[in-house]
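# Close look at the chain arrangement
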Amino acid sequence: EAGVVQSPRYKIIEKKQPVAFWCNPISGHNTLYWYLQNLGQGPELLIRYENEEAVDDSQLPKDRFSAERLKGVDSTLKIQPAELGDSAVYLCASSVSTAGSSYNEQFFGPGTRLTVL
Amino acid sequence: GNSVTQMEGPVTLSEEAFLTINCTYTATGYPSLFWYVQYPGEGLQLLLKATKADDKGSNKGFEATYRKETTSFHLEKGSVQVSDSAVYFCALRGYSSASKIIFGSGTRLSIRP
């Protein structure tokens, strides 16, 4: 079974440019997560989708970040315009959420490493 | 709010040495606790978990026990291998299934042959 796929794996852009990251979750996983991982830190949740609905986007900086998950499968995370401080690894994860379950394992993709010059 | 504190790295050990990576947490109620591992160039993988006090999670020779009295979840392995070289993250999730996972800052482990 294929894991979570992310592209590109690496991206270098100049500040003020736009950038987009793509994530394809594991087939059948209805929950999708985007995380931000700064160097030397653990991942921090940016947004969580249940199917096509964003159910937790409280940590997403909405002035420059946006995300979508059309049709409840693939997802795109966009930054416009990018700033120097956005240099980090952007991780996507997916899981199967079932009613009444207290924990559903999240499976992570390899991440996209963004460098803003 | 909920938080996780784990020992800073890097940690460098010789092969077959005993490993301990300390992790303590702050949380209300009864969180679930996890250790994730990130091998070079790969995504995070769940290594083990424990969902209630005194539970012991184990996998691939690694163990961690949920200690509510000390709010700790230390990771241990009796004999490490070069292939264990990776970054290890301690994490917690609140009781509610809607709670998000809070990660520690990670501990880089390097094993010398």
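Data block above holds the structure.
Residues numbered from 1 in each chain as written. Chains lettered and ligands numbered in written order. Predicted model: local features only at pLDDT ≥ 70, side-chain atom pairs only at ≥ 80, totals over all residues. Heavy atoms only, no water.

### Some thoughts on the overall build of chain A
- Secondary structure summary: chain A contains zero helices and eleven strands in total.
- When the helices and strands of chain A are placed in sequence order, the string is β-β-β-β-β-β-β-β-β-β-β.
- At 14 Å, chain A has a C-alpha radius of gyration in line with the 13 Å of a compact globule built from 117 residues.
- For chain A, with 117 residues in total, the buried portion stands at 46%.
- Taking contacts inside chain A between residues at least 6 apart in sequence as the whole, the part at least 24 apart equals 55%.
- Counting every atom, chain A has about 6,000 Å² of accessible surface; 50% of that belongs to carbon and sulfur. (Helix = DSSP H or I, 4+ residues; strand = E, 2+ residues; numbered from the N terminus. Rg over C-alpha atoms; globule rule 2.2 N^0.38 Å. Buried < 20%, exposed > 50% of the residue type's maximum accessible area, 1.4 Å probe, protein only. Contact = heavy atoms within 4.5 Å. Areas by Shrake-Rupley, 256 points an atom, 1.4 Å probe, with all protein chains shown as cover.)

### Overview of the pairing of strand E4 (residues 31-37) of chain A
Residue and element names in this part refer to chain A.
- With seven of its seven residues buried, E4 lies for the most part within the structure.
- The alternating pattern of E4 places Thr 31, Tyr 33, Tyr 35 and Gln 37 and Leu 32, Trp 34 and Leu 36 on opposite faces, both of which are buried.
- In the sheet, E4 pairs with strand E5 (residues 44-50) via six bridges, with the strands oriented antiparallel. Counted as the bridge partner of Leu 32 is Tyr 49 from E5. (Pairing = 2+ DSSP bridges.)

### Things to note about the pattern of salt bridges
All names here are of chain A.
- Inspection of every chain in the model, using the stated rule, returns seven salt bridges over all chains.
- Residues Glu 50 and Arg 48 are paired through a salt bridge, measuring 2.7 Å at the closest nitrogen-oxygen approach. An identical accessibility class is assigned to Glu 50 and Arg 48; each is buried.
- Connected through salt bridges with shared partners, the residues Arg 64, Glu 83 and Asp 86 form a single ionic network. (Salt bridge = Lys/Arg side-chain N within 4 Å of Asp/Glu carboxyl O.)

### Comments concerning the state of the cysteines
- Under the definition given, this model contains two disulfides over all chains.
- Covalently, Cys 23 of chain A is tied to Cys 92 of chain A through a disulfide, its sulfur atoms 1.9 Å apart. Between Cys 23 of chain A and Cys 92 of chain A, the disulfide has an S-S torsion of -70° and is therefore left-handed. Here Cys 92 of chain A lies in strand E9 (residues 88-95) and Cys 23 of chain A lies in strand E3 (residues 19-24), a separation of 69 residues in the sequence.
- Judged by its relative accessible area of 0%, Cys 23 of chain A falls in the buried class.
- Disulfide pairing places Cys 23 of chain B opposite Cys 90 of chain B at an S-S distance of 1.9 Å. Where Cys 23 of chain B bonds to Cys 90 of chain B through sulfur, the torsion about that S-S bond is close to -70°, and the disulfide is left-handed. Taken together, the residues span a long stretch of sequence, with Cys 23 of chain B in strand E4 (residues 23-26) and Cys 90 of chain B in strand E10 (residues 86-93) at a distance of 67 residues.
- Classification of Cys 23 of chain B as buried rests on a relative accessible area of 1%. (Disulfide = S-S within 2.5 Å.)

### Details of the sheet that holds strand E3 (residues 19-21) of chain B
All names here are of chain B.
- Strand order in the open sheet formed by four strands is E3-E9-E8-E7, and the pairing between neighbours is antiparallel. Each edge of the sheet is formed by a strand with only one pairing partner; in this case those strands are E3 and strand E7 (56-59). Averaged over all adjacent pairs, the angle separating strand axes in this sheet is 20°, with direction ignored.
- Where E7 and strand E8 (residues 62-65) come together, four bridges link them in antiparallel fashion. The residue bridging Gly 57 from the neighbouring strand is Ala 64, located in E8. (Axes fitted to C-alpha atoms, helices over the stretch in contact; angles between N-to-C directions.)

### Thoughts on the sheet that holds strand E1 (residues 5-7) of chain A
Residue and element names in this part refer to chain A.
- Strand order in the open sheet formed by four strands is E1-E3-E8-E7, and the pairing between neighbours is antiparallel. Looking at strand neighbours, the two that pair on one side only are E1 and strand E7 (65-68), the edges of this open sheet. On average, each strand axis in the sheet is tilted by 15° relative to the strand beside it, whichever way the strands run.
- Two strands pair when backbone bridges link them, and E7 and strand E8 (residues 75-79) are joined in this way by four bridges, in the antiparallel orientation. Note that in E8 the partner of Glu 68 across the bridge is Thr 76.

### What about unusual backbone geometry?
All names here are of chain A.
- Omega for the peptide link from Ser 7 to Pro 8 comes to -10°, which places this bond in the cis form.
- Mapped onto the fold, Pro 8 is located in the loop between E1 and strand E2 (10-13).
- The linkage connecting Gln 80 with the following residue, Pro 81, adopts the cis geometry, with an omega of -5°.
- Inspection of the secondary structure puts Pro 81 in the loop between E8 and E9.

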